[in-house]
Amino acid sequence: MRLDKFLANSGIGTRKEVKEILKNKKISVNDAFVKDGKIQIDEEKDIVKYEDKIIYYKPFVYIMMNKPAGVISATEDNHHKTVIDLLNNEYRTYDIFPVGRLDIDTEGLMLLTNDGILSHNLLSPKKHVDKKYYVKIANPLTEEDIKTLENGIKLEENFVTKKAKVEIICNNGENNEYFAYITISEGKFHQVKKMFKAVNNEVLYLKRVKMGNLLLDENLKLGEYRELTVEELDSLKV
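Identification of the chain as Pseudouridine synthase from Leptotrichia hofstadii is taken from an unreviewed UniProt entry. Quoted verbatim from the Sequence similarities (unreviewed entry) heading of the UniProt record, the comment on the chain is "Belongs to the pseudouridine synthase RsuA family."

Some details on the pairing of strand 5 (residues 62-67)
In terms of residue burial, strand 5 counts as a mostly covered element, since 6 of its 6 residues are buried. Two strands pair when backbone bridges link them, and strand 5 and strand 7 (residues 107-113) are joined in this way by 6 bridges, in the antiparallel orientation. For N66, the partnering residue across the bridge sits in strand 7 and is L109. As paired strands, strand 5 and strand 15 (residues 225-227) are joined by 3 bridges and run antiparallel to one another. Counted as the bridge partner of M65 is Y225 from strand 15.

Brief notes about the UniProt feature "domain: RNA-binding S4" (unreviewed entry) in the chain
Annotation from UniProt places "domain: RNA-binding S4" (unreviewed entry) at residues 1-60. As annotated, residues 1-60 has a helix share of 27% and a strand share of 17%, and its two end C-alpha atoms lie 15 Å apart.

A word on the domain arrangement of the chain
Along its sequence, the chain is organised into domain 1 (3-54), domain 2 (62-124 + 217-236) and domain 3 (131-211). On a C-alpha basis, the centroid separation for the pair domain 1 and domain 3 is 51 Å.

Regarding the environment of G11
With respect to the helices and strands, the residue G11 is situated in the loop between helix 1 (3-9) and helix 2 (15-23). When the C-alpha atoms of G11 and R92 are compared, they prove to be 7.6 Å apart, with 81 residues separating the residues in sequence.

As for the sheet that holds strand 2 (residues 32-33)
Spatially, the 4 strands line up as an open sheet ordered 2-1-3-4, and their pairing is antiparallel. At either end of the open sheet lies a strand with only one pairing partner, and these are strand 2 and strand 4 (53-54). Direction of pairing for strand 1 (residues 27-29) relative to strand 3 (residues 48-50): antiparallel, over a ladder of 3 bridges. Paired with I27 across the strands is Y50, a residue of strand 3.

Focus on the packing of aromatic side chains
Within this structure, the stated rule accounts for 6 aromatic pairs. For the pair Y91 and Y225, a centre-to-centre distance of 6.4 Å together with 70 degrees between the ring planes defines the contact as edge-to-face. Of the two residues, Y91 is situated in the loop between strand 5 and strand 6 (97-98) and Y225 in strand 15; the sequence distance between them amounts to 134 residues. Overall, the relative accessible area of 8% leaves Y91 in the buried class. A network of ring pairs unites the aromatic residues Y134, F179, Y181 and Y205 as a single cluster.

Some thoughts on the nonpolar core
Counting residues in hydrophobic clusters, the biggest one holds 31 residues, and the most contacted among them are V135, I182, V192 and F196. Of all the elements in the fold, those that place two or more residues in this core are strand 5, strand 7, strand 8 (131-137), helix 4 (143-151), strand 12 (178-184), helix 5 (191-198) and strand 13 (203-211). Top element by residues in this core is strand 12. It accounts for 4 residues. Summarising the domain contributions, this core has at least three residues from each of domain 2 (62-124 + 217-236) and domain 3 (131-211). Setting aside anything within four residues of it in sequence, one finds I182 in contact with K131, K132, Y133, V135, A164, K165, V166, V192, M195 and F196. Judged by nonpolar contacts, the second largest core, of 15 residues, contains M64, V129, L216 and L233.

Overview of the side chain of T183
Structurally, T183 is set in strand 12. Owing to a relative accessible area of 14%, T183 belongs among the buried residues under this scheme. Not counting chain neighbours up to four residues away, the residues in contact with T183 comprise D130, K131, K132, A164, K165 and E167.

Focus: the pattern of salt bridges
Counted by the stated rule, this structure contains 13 salt bridges. Put simply, E177 and K136 hold a salt bridge, and the shortest N to O gap is 3.2 Å. Here the residue E177 occupies a position in the loop between strand 11 (165-170) and strand 12, and K136 occupies one in strand 8, the gap between them amounting to 41 residues. What makes E177 partly exposed here is its relative accessible area of 29%.

Calculation rules
- Residues numbered from 1 in each chain as written.
- Predicted model: local features only at pLDDT ≥ 70, side-chain atom pairs only at ≥ 80, totals over all residues.
- Heavy atoms only, no water.
- UniProt positions renumbered as here; feature names shortened; annotations may be inferred.
- Buried < 20%, exposed > 50% of the residue type's maximum accessible area, 1.4 Å probe, protein only.
- Helix = DSSP H or I, 4+ residues; strand = E, 2+ residues; numbered from the N terminus.
- Pairing = 2+ DSSP bridges.
- Domains from an automatic or database assignment.
- Phe/Tyr/Trp six-rings, centres within 6.5 Å; stacked < 30°, edge-to-face > 60°.
- Core = buried A, V, L, I, M, F, W, Y, C linked by side-chain atoms within 4.5 Å.
- Contact = heavy atoms within 4.5 Å.
- Salt bridge = Lys/Arg side-chain N within 4 Å of Asp/Glu carboxyl O.

Structural data, given as structure tokens:
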């Protein structure tokens, strides 16, 4: 691998910044200063240092975010803040993107990465990766409503939802507030909202709390994020 690519992919800086860093003799390979970013290195055997600190190659990053409302699941947008805008400069040299999407007014678990293979596997219809949502609804759910939601609803001309799971949290709420969990394996546009609308109900608040085996960290406040642990990453491999 070229040294400049190794440095950029390790979060040291952009290609332009890396060129300047090399020029200023801040990079050494096996204890010899190197100014040429085009040289080839072995990222597993060669010891690369930046200002005398060893650089450990990290080609992929995996970030869990608690997405706030008002932020869109995109890499860039001219009108709204994106999930990428919430990240600090530590990740600017990685081509990070959101895995799937959440509506602008939906909060909760968002996975961000630059690993295209993992993203494809998690989003592939063939994998049937479950997504669990916490829902506040306008009306209580009847037994018939639950059966309809769980057994599949025709939402569009050629789309019938797959089997889902509904868990009642509060169905006789104070102040006419009703809450439930719903788990689906698809991710069509506004799907959860459309499903509840199909049983004459309305979603007032929506938050994704789980994707596959990955649970949203309850310690993350809205807009906060952290990298996945090794155990969390392993749990996502499908």
